[in-house]
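The residues making up each chain are set out below.
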Amino acid sequence: MSTGLGVRNPEVPKEQITVNPNTGQKTVRMGDLEFPPRKVWMKTFGCQMNYHDSERILSHLTDLNFTRTDKVDDADMVLFNTCAIRDLSNNKFYSQLGEMKHAKKKKEDLVVGIGGCVAQTEGKELVKKYKHLDFAFGTDVIDQINDMVFRTYSGDNKFTINSWDRSENFSIETKITHGSPQAFVNIIKGCNKYCTYCIVPYTRGKERSRKKAEVIEDVRKLVEYQGIQEVTLLGQNVNSYGHDNGETLSELIMGLEEINGLQLIRYTTSHPYDVSDELIAVHGTSKKLSNHLHLPVQSGSDGVLKRMHREYTIEHYLGLLEKLRKSNPNIVLSTDIIAGFVNETDEEHRMTLDLLDKAQYDFIYSYAYSMRNNTRASKMEDLLTDDIRGERLREIQKYQLGIQAKIREKLVGNQYRILVEGYGNMGGVKKWRGRTNCNRIVHFLPSSDEQDLQWNWVDVKVTSATALSCQGDLLEVHGRRYPTSK
Ligand code: SF4
């Protein structure tokens, strides 16, 4: 039986959906089972790939008469999409899973399921250990969610499906339910890098790319039928895109560039080892490629990079930044830093601070190293204490905030066209916020309280800035479609 992404279990009956023309009531049958309207509460942890997968799962579940609820107490089914990378998300997941034991006492027919990277590696043990957990599913079988829910409601629960996608082609269609003009589009799955601290190759499998023509057609449909104007191309290592079928990321970007109505192309996550000169050139020529690039470096020390098996040197990495800034002088760079990797010396730590000076990142994501079971680094004898890791992390963050504050001072007076993503209460005042092409957040006051600017393109002028965000004045509102003339 073939399993995998984009593939359903042929042995399970398919959904029969009927809508009563008078009442509009939707009835769904699968085999002998009827699926009345139900609510699903979904909690996603971790990376954008997980958020992308959660959108896919929710989109499938609408075919089974499920609607999403933000209130866990209203849910008939609770799903966790887990992350195996960070202690924090892991701890939160286990405590919330524990709470479901009590929720199930109050609601006996509550269904509880887990997906994502923890389910991929520990699903079987967790289903055995937690009596109130009905099923677990891995990262390669998310498109079988309706088959698994059918199985559970048929009374066959306590199972785990975490088989790998062995099909020849990695082929999926992007599914979104959120109604925003932004979409994550998965172009490559898995990772072949095996950085010593990382669990991803064990939870997401080997690299497999979607065909370029399929991705372009997928995005064209998203733009035409779902009003998408901004896409983020997703992969654990997007720079390896196409290595398995003779295509490249730069060709894909230039192919997407032709799609009318698509305004902005972003991609994440990159690995410096696979950044080609061809791609660097596209950063200079493409009209739709974002001016922001996230290029994780992890450490400023060649010794640490070697122990991490990152396969590049700082000299090579800084050379890439120089070429990128030459190709596109407006490029804005960010990165990931791991503080306190196994046996990192004080001198190696200093090299990371030195790198921040040289690289002048616009922002960084920084974490203290936390050991993950089954990674190669977990087998290394580590003499560094978490206290030292914490100290170094705080020093890196403080140091970087100083750099960011100086960079953002220079933005005052600049004008930007931004896509408004939402609003917040800032000091008791309702302010809208949007993201610039180069991925900076600008907060601004609307011209009136009643004004609804959600998903509008607007022009703003930066009036002040801190290390983390900018404040601005609203200059012009262009509406939900990107203005073609201006
Ligand atoms: S490139 Fe390294 S850190 Fe990134 S997903 Fe692959 S193994 Fe993990």
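Before going into details, it helps to say that this report is about the structure given with it. (Residues numbered from 1 in each chain as written. Predicted model: local features only at pLDDT ≥ 70, side-chain atom pairs only at ≥ 80, totals over all residues. Heavy atoms only, no water.)

1. Considerations on the sheet that holds strand S19 (residues 429–435)
Okay, step 1: Read around the closed barrel, the five strands follow the order S18-S19-S20-S22-S21; overall the barrel is mixed. Across the sheet, the mean angle from the axis of one strand to that of its neighbour is 45°, orientation sign disregarded.
Okay, step 2: Alignment of strand S21 (residues 457–465) against strand S22 (residues 470–479), held across eight bridges, turns out to be antiparallel. Directly across from Ser464, in S22, lies its bridge partner Gln471. (Pairing = 2+ DSSP bridges. Helix = DSSP H or I, 4+ residues; strand = E, 2+ residues; numbered from the N terminus. Axes fitted to C-alpha atoms, helices over the stretch in contact; angles between N-to-C directions.)

2. Topic: the packing of aromatic side chains
Okay, step 1: Taken as a whole and judged by the stated rule, the model has 15 aromatic pairs.
Okay, step 2: Seen from their ring centres, Phe80 and Phe93 are 5.5 Å apart, and the 70° between their planes marks the pair as edge-to-face. Separated by 13 residues along the polypeptide, Phe80 in strand S6 (residues 77–82) and Phe93 in helix H2 (residues 87–106) bring together distant segments of the chain.
Okay, step 3: Overall, Phe93 belongs to the buried group, its relative accessible area being 1%.
Okay, step 4: Feature note: the residues Trp41, Phe45, Phe80, Phe93 and Tyr94 constitute an aromatic cluster, connected by ring pairs.
Okay, step 5: Over the aromatic face of Tyr153 sits the side chain of Arg38, whose NZ or CZ is 3.9 Å from the ring centroid.
Okay, step 6: Across the ring face of Tyr482, the terminal group of Arg417 is positioned such that the distance to the ring centre comes to 5.5 Å. (Phe/Tyr/Trp six-rings, centres within 6.5 Å; stacked < 30°, edge-to-face > 60°. Buried < 20%, exposed > 50% of the residue type's maximum accessible area, 1.4 Å probe, protein only. Lys NZ or Arg CZ within 6 Å of the ring centre and 35° of its normal.)

3. Considerations on the pairing of strand S13 (residues 230–234)
Okay, step 1: Taken across its five residues, S13 has five buried, putting it largely inside the fold.
Okay, step 2: The alternating pattern of S13 places Glu230, Thr232 and Leu234 on one face and Val231 and Leu233 on the opposite face, and all of these are buried.
Okay, step 3: Strand direction decides the pairing type here: strand S10 (residues 182–186) and S13, joined by five bridges, are parallel. Within S13, the residue paired with Val185 across the bridge is Leu233.
Okay, step 4: The pairing of S13 with strand S14 (residues 264–268) spans five bridges and is classified as parallel. Residue pairing for S14: Val231 is matched across the bridge by Ile265.
Okay, step 5: Since S13 and S14 lie parallel, the crossover through helix H7 (residues 249–256) that links them has a hand, and here it is right-handed. (Right-handed = clockwise from strand over helix to strand, strands pointing away.)

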